[in-house]
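So the chains spell out like this:
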Amino acid sequence: MSTPALRTGHVGLNVTDLTRSIAFYRQVFDFEVLDERNDGERRFAFLGREGTLLVTLWQQSGGVFPVDRPGLHHLSFQVPDIEAVRRAEATLRALGVRPVHDGIVPHGEGASSGGVFFTDPDGIRLEIYAPSGADTAPAPTQGAPTCGFF
């Protein structure tokens, strides 16, 4: 079956505390809340920009994101330039979130693309990157893509 113009829609994430996660994703990604149910057993929020749904948060899990199980490896967001990555890194640090690597790093040896790698309050691995401008730092993972091993 061939589907023309196939592209990713939104991403749904299970979270342990909807209120905390909404605040985190709004502060870090400047998402707006498009819709939300924050009472009763079925708690969720639809987050996006300019009316476009990008991420759904579902409060229906406990514990911390298991990185040693099959499933989501990480969620990546592209921004226009390295300055936007720097602003995101400053926001993360202001929130007390430590990047996985020491700040902005390239995607690999000799790559100009790269970004900042971090986790959300539930341990879900995230990345904000730009297509170029990250080649001022060494790649933290030799012989493999940075985004694959964090």
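Going by the structure above, here's the rest.
Please read these numbers as outputs of a predicted model, since none were measured by experiment.

**Student:** Would you take a moment to explain the overall build of the chain for this structure?
**Tutor:** Scanning the chain from N- to C-terminus turns up two helices and eight strands. Counting from the amino terminus, helix and strand elements in the chain follow one another as β-α-β-β-β-β-α-β-β-β. In summary, the chain has a C-alpha radius of gyration of 16 Å against a globular reference of 15 Å for 150 residues, a match within 12%. Considering only C-alpha atoms, the chain reaches an extent of 50 × 45 × 35 Å along its principal axes. Sorting the 150 residues of the chain into buried and exposed places 39% on the buried side. Long-range pairs, those at least 24 residues apart, make up 54% of the contacts in the chain with a sequence separation of at least 6. On the chain, roughly 8,800 Å² of surface is accessible, and the fraction owed to carbon and sulfur atoms is 50%.

**Student:** What's the story with the sheet that holds strand β7 (residues 114-119) in this structure? I'm lost.
**Tutor:** Across a sheet, paired strands are connected by hydrogen bonds in the backbone, their directions being either parallel or antiparallel. Overall, mixed pairing links the four strands, which are arranged β5-β8-β7-β6 in an open sheet. The open sheet is flanked by β5 (75-78) and β6 (105-106), the only strands paired with a single partner. Pairing analysis gives two bridges linking β6 to β7, with the strands arranged antiparallel. Counterpart to Val-105 in the pairing with β7 is Gly-115. In the packing of helix α1 (residues 18-29) onto the sheet, contacts are made with β5, β7 and β8 (125-130), and the angle to β8 comes to roughly 15 degrees. In this fold helix α2 (residues 82-94) packs onto β7 and β8, with an angle of close to 20 degrees to the strand it touches most, β7.

**Student:** Would you mind showing me how to read the side chain of Thr-141 here?
**Tutor:** Note on placement: Thr-141 falls in the segment after β8. Overall, Thr-141 belongs to the buried group, its relative accessible area being 15%. Sequence-distant contacts of Thr-141, defined by excluding residues within four places in its chain, comprise Thr-146 and Phe-149.

**Student:** Any chance you could explain the environment of Ser-113 here in plain terms?
**Tutor:** Looking at the element boundaries, Ser-113 is found in the loop between β6 and β7. With 18 residues separating them in the primary sequence, Ser-113 and Pro-131 have C-alpha atoms 4.4 Å apart. Setting aside residues up to four positions removed in sequence, Ser-113 forms contacts with Pro-106, His-107, Ala-130, Pro-131, Ser-132 and Ala-134. One polar contact links Ser-113 to His-107, side chain to side chain, over a distance of 2.8 Å.

**Student:** Where do I start with α2 in this structure?
**Tutor:** Think of an α-helix as turning once every 3.6 residues; residues three or four places apart then point the same way. With 13 residues, α2 ought to run about 18 Å at 1.5 Å a step, and its terminal C-alpha atoms sit 18 Å apart, in line with that. The complete set of buried residues in α2 reads Ile-82, Ala-84, Val-85, Ala-88, Glu-89 and Leu-92. Along the axis of α2, the buried residues cluster in a sector spanning 150 degrees; they form a single face. For α2, exposure combined with an orientation more than 90 degrees from the buried face picks out Arg-87 and Ala-94. Taking the backbone nitrogen of Glu-83 as reference, a side-chain oxygen 3.2 Å away marks Asp-81 as the first, capping residue of α2. Gly-96 sits one or two positions beyond α2 and adopts a positive phi of about 85 degrees.

About the criteria used
- Residues numbered from 1 in each chain as written.
- Predicted model: local features only at pLDDT ≥ 70, side-chain atom pairs only at ≥ 80, totals over all residues.
- Heavy atoms only, no water.
- Helix = DSSP H or I, 4+ residues; strand = E, 2+ residues; numbered from the N terminus.
- Rg over C-alpha atoms; globule rule 2.2 N^0.38 Å.
- Buried < 20%, exposed > 50% of the residue type's maximum accessible area, 1.4 Å probe, protein only.
- Contact = heavy atoms within 4.5 Å.
- Areas by Shrake-Rupley, 256 points an atom, 1.4 Å probe, with all protein chains shown as cover.
- Pairing = 2+ DSSP bridges.
- Axes fitted to C-alpha atoms, helices over the stretch in contact; angles between N-to-C directions.
- Polar contact = N/O pair within 3.5 Å; in protein donor to acceptor, adjacent residues only side chain to side chain.
- Expected span 1.5 Å × (residues − 1).
- Arc of directions from axis to C-beta.

Read these as layout, nothing more, since geometry by itself doesn't imply function.
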